Number of protein chains: 2
Amino acid sequence: MTFPLVGVVGGGQLARMLAPAAIELGIHLHVLAESEDVSATSAARYTVGDYRDLDTLMRFAATVDVLTFDHEHVPTEHLRTLEDSGVAVRPGPEALQYAQDKLKMRSIADELGLPNPVWAAVDSVEALVSFGEEHGWPVVLKTPRGGYDGKGVRVVRTPEEAAETTEWFELDFPALLVEQLVPFSRELSAQVARRPSGEVAIYPIVESLQTDSVCDVVTAPAPGLDPEVAAAAAEAASTLAERLGVVGMLAVELFETPGTGPGFLINELAMRPHNSGHWSMDGAVTGQFEQHLRAVLDLPLGSTQPLGAYTVMKNYLGGANQDLYSAFDRAMSEYPSAKIHAYGKSVRPGRKVGHINVIAATEQDLNQARAIAEGAASVIRDGVPSADSAR
Amino acid sequence: MTFPLVGVVGGGQLARMLAPAAIELGIHLHVLAESEDVSATSAARYTVGDYRDLDTLMRFAATVDVLTFDHEHVPTEHLRTLEDSGVAVRPGPEALQYAQDKLKMRSIADELGLPNPVWAAVDSVEALVSFGEEHGWPVVLKTPRGGYDGKGVRVVRTPEEAAETTEWFELDFPALLVEQLVPFSRELSAQVARRPSGEVAIYPIVESLQTDSVCDVVTAPAPGLDPEVAAAAAEAASTLAERLGVVGMLAVELFETPGTGPGFLINELAMRPHNSGHWSMDGAVTGQFEQHLRAVLDLPLGSTQPLGAYTVMKNYLGGANQDLYSAFDRAMSEYPSAKIHAYGKSVRPGRKVGHINVIAATEQDLNQARAIAEGAASVIRDGVPSADSAR
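Residues numbered from 1 in each chain as written. Chains lettered and ligands numbered in written order. Predicted model: local features only at pLDDT ≥ 70, side-chain atom pairs only at ≥ 80, totals over all residues. Heavy atoms only, no water.

### Digging into the pattern of salt bridges
Threshold: Should a side-chain nitrogen of Lys or Arg be within 4 Å of a carboxyl oxygen of Asp or Glu, the pair is scored as a salt bridge.
Under the criterion given, the structure shown has 40 salt bridges over all chains. One salt-bridge network, in which partners are shared between bridges, spans Lys102, Arg106, Lys142, Glu179 and Glu268 of chain A.

### Some remarks on the relation of the copies chain A and chain B
Quick note on the threshold: Each copy is superposed on the other by least squares, with the fit set by C-alpha atoms of residues at a pLDDT of at least 70 in both.
Overlaying chain A on chain B yields an RMSD of 0.0 Å, the required transformation being a rotation through 180 degrees with an accompanying axial translation of 0.0 Å. The two molecules are tied by a two-fold rotation axis, judged by turn and shift. Ranked by how close their C-alpha atoms come to the rotation axis, the residues of chain A are headed by Pro20 of chain A, at 2.1 Å.

### Description of the environment of Val155 of chain A
Residue and element names in this part refer to chain A. Keep this limit in mind: In DSSP terms, a helix is any run of H or I states spanning at least four residues, a strand is any run of E spanning at least two, and both are numbered starting from the N terminus. Exposure classes here rest on a 1.4 Å probe applied to the protein chains alone. A residue is buried below 20% of its type maximum, exposed above 50%, and partly exposed in between. Any pair of residues with heavy atoms lying within 4.5 Å of one another is described as a contacting pair.
With respect to the secondary-structure elements, Val155 resides in strand S7 (residues 153-156). Using a relative accessible area of 29% as the deciding quantity, one classes Val155 as partly exposed. Put simply, Val155 and Asn275 are 120 residues apart on the chain and 23 Å apart in space, counted from C-alpha to C-alpha. Dropping the residues within four chain positions of it, Val155 is found in contact with Pro138, Val139, Glu161 and Leu181.

### Quick look at the sheet that holds strand S2 (residues 28-33) of chain B
All names here are of chain B. The line we're drawing: In this analysis, strands are considered paired if DSSP registers two or more bridges between them. To obtain each axis, a line is fitted to C-alpha atoms, and for helices this fit is confined to the stretch in contact; angles are then taken between N-to-C directions over 0 to 180 degrees.
Spatial ordering of the open sheet is given by S3-S2-S1-S4, a layout of four strands whose pairing is parallel. Every other strand in the sheet has two partners, leaving strand S3 (45-48) and strand S4 (66-69) as the edge strands with one partner each. Neighbour to neighbour, the strand axes of the sheet diverge by 25 degrees on average, direction disregarded. Examined bridge by bridge, strand S1 (residues 5-9) and S4 share four bridges and lie parallel to one another. Bridging from a neighbouring strand, Val9 pairs with Phe69 of S4. In the packing of helix H1 (residues 13-25) onto the sheet, contacts are made with S1 and S2, and the angle to S2 comes to roughly 170 degrees.

### Examining the UniProt feature "binding site: ATP" (unreviewed entry) in chain A
Residues and elements named next belong to chain A. Definition in use: UniProt positions are given in the numbering used here, feature names are shortened, and annotations may be inferred rather than shown by experiment. Polar contacts here mean pairs of N or O atoms no more than 3.5 Å apart (in protein, one a potential hydrogen donor and the other a potential acceptor; neighbouring residues in sequence count only if both atoms are side-chain atoms).
UniProt tags Lys102, Lys142, Glu179, Gln180, Leu181, Val182, Glu187, Asn267 and Glu268 as "binding site: ATP" (unreviewed entry). Tracing the sequence through the fold places Lys142 in strand S6 (residues 139-142). Accessibility expressed as a relative area gives 4% for Lys142, which makes it buried. Excluding its chain neighbours within four sequence positions, the residues that come into contact with Lys142 are Lys102, Gly152, Val153, Trp168, Leu176, Leu177, Glu179, Asn267 and Glu268. Among the secondary structure elements, Glu179 is positioned in strand S8 (residues 176-180). Owing to a relative accessible area of 2%, Glu179 belongs among the buried residues under this scheme. At 2.8 Å, the side chain of Glu179 forms a polar contact with the side chain of Arg106.

### Description of the packing of aromatic side chains
Aromatic ring pairs are reported here in terms of the distance separating the ring centres and the angle at which the planes meet. All names here are of chain A. Just so we agree on the cut-off: We call Phe, Tyr and Trp rings a pair once their centres come within 6.5 Å, taking the six-membered ring for Trp, and we label the pair stacked below 30 degrees between planes, edge-to-face above 60, and tilted otherwise. For a lysine, the NZ atom is tested; for an arginine, the CZ atom; a charge sits over a ring if that atom is within 6 Å of the ring centre and within 35 degrees of the ring normal.
For the coordinates displayed, the defined rule picks out ten aromatic pairs over all chains. Centre to centre, the rings of Tyr325 and Phe328 are 5.3 Å apart; their planes meet at 45 degrees, and the pair counts as tilted. Taking the relative accessible area as the measure of exposure, Tyr325 reaches 4% and is therefore buried. Positioned above the aromatic ring of Tyr51 is the side chain of Arg52, whose terminal nitrogen or guanidinium carbon lies 5.8 Å from the ring centre.

### A short note on helix H5 (residues 102-111) of chain B
Along H5 of chain B, the positions that sit buried rather than exposed are Lys102, Leu103, Met105, Arg106, Ile108 and Ala109 of chain B. Packed against the buried residues of H5 of chain B are helix H4 (93-100), strand S5 (119-122), strand S6 (139-142), strand S8 (176-180), helix H8 (227-244) and strand S14 (264-270) of chain B.

### Observations regarding the side chain of Arg294 of chain B
On the secondary structure map, Arg294 of chain B appears in helix H10 (residues 288-296). For Arg294 of chain B, a relative accessible area of 0% corresponds to the buried category. Setting aside its immediate chain neighbours within four residues, Arg294 of chain B contacts Met332 and Ala338 of chain A together with Thr286, Leu299, Pro300, Leu301 and Gly302 of chain B.

### Some words on the nonpolar core
For clarity, the cut-off: Residues belong to one nonpolar core when they are buried, are Ala, Val, Leu, Ile, Met, Phe, Trp, Tyr or Cys, and are joined through side-chain atoms within 4.5 Å.
Phe328 and Ile356 of chain A together with Phe328 and Ile356 of chain B are the most contacted members of the largest nonpolar core, which totals 112 residues. Within the second largest apolar cluster, 47 residues are counted, among which are Leu67, Leu114, Val229 and Ala237 of chain A.

Set out below in structure tokens:
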């Protein structure tokens, strides 16, 4: 077998960040991009095409050895057709449906005996109100599909607020997901990788700080996490990967709930490299993008050993600075240990356009690493160029 | 200034390995490749063209913000013409000539008071014999230009052997370089980076083990190196970078000569990322390819802090295995902590086709790291696939 060609459906930054890992391993990458100007097109070979169109998918799949994804939005029935026609779809539709559909995810977690918040499928405002009355307000209403970064999610605090959700029940879903609003101490995330042969590799459980429902700062491993909770969370992620037949990276977002049950509840799943795993690009022997490639190619998985006591990842979103590069001079000058990642995207307010990783060699360096990551991110986001960067 | 475009003359593995660093930073890369099937063409945008042709170079340079190099073979007069026409040539011809011409390099090292072996420019067998008689046999005869990996170098042990070098003096060089064969304990290498604004970043001095005149195993930092020798070697490399006006990575290959003078002598220079610096790709906060990009773009340089006590780099050359990928299964399975790099080149005996990096977290892990690097490299080179890799 010569060096294989991995096809990636979707041209966002996750597809883009697979490219460096592919180049280092000699693996070929080809992206099915939404348009010319998405993140991955300046980093890898690509074809522009609509991932909702089966013919486009079939033609693209015919040119690759393995098909994987930048996102979970490819219709499940298309994935089934691809798989039935012999395409190596990784992760496959049987697994991927649990990341695509939050109702299915809650059901399977219950089935597997994994810690879920109290939840129900509801198809009307009345059913939503009954759930709130029975289990207590506030509750969280979610569309089963299509949500991300806080979209498709609404906190409902009272029966009166529930009455305002009529439009949600007119969306094209048979039912919506409602859950108890979990009183959690912080959010955690588990990353594991699984290859078709079955091997699973587990990364340390990380702390994931969200700001306005968007992943903001990740600290790996999660500081001060009870080792028993960490082990149980890793075990839950590993169980999900194995029992759902995941291939590639799986991220399991968790709520830490000290003193209740196993100390955590499952929030959401993503079956691909995930923002909460970006720390591993610079902070672990094998970054999640290399690991995803290994997994989808059924290669043995790499070591997940961290390279420092902690690694801090800080996202920078589109802000005041339209010209990110103009701020590199100051960011690099003030923070020589910051690993700057830029996604090649045009700047729009609140859009994820890059991230910073900083390794804390020892436990004592954690606060400094946080300050460096925050500092570099804010310089790039806000763009206060140094005096001589106008040259 | 929006994200710039760096042009690289030459499409070998050094150009290829700039690509991942460029993608992570959002920087655009465009390679002037010798042909379609060189190493870098599967990793970056490219144009095929002859770097010896001035028009080709001028057309290529007109499309980029900064011009840099995969090798030192572009004619100096072409580089001068490019620079005179306003192209940002980095490193520039004034600096690069000292890496292109070993006689100029020896002269400038003498001028700067840096430790050279005894040497002379010779233009005949007679002059070569006189040098040997005066300074003692054996001596080393080198072409001033065009040599690499032991090519263009000949050890001459006796006046009789000198008589066999008539053809060398018929080559198109006004004079050849002759040096005393230095009795050294091992080879070392210093890597530094310099940006046009003047800042210099220094990597730890490494040990470089050559096999058949080709870089084979690098250990960073060089185990057991006298700290005074390390400091003096770093100082010498830094002086060369500053006084020659180097921009980008500079590698200074050294002979360790314990008990004589400063404990080392200068062997050769390379003004680009260099094999002896590949360890930094996985073993330092800022790898040499990212550092080279920062330097040629006049961005502040990154931290050269190592990520472990040691990093071991082992090259794998073309050997019995024509199908490198077929051995990945076994190499990855046996050595999960090995960072495998493959250059996308067809396999020919003795050709550099990839390398392995392994981090030794602590001093005690060094022997194991060496064994892992050697093991993974030999599995890939010799290709003994695992039983199930035929799938």
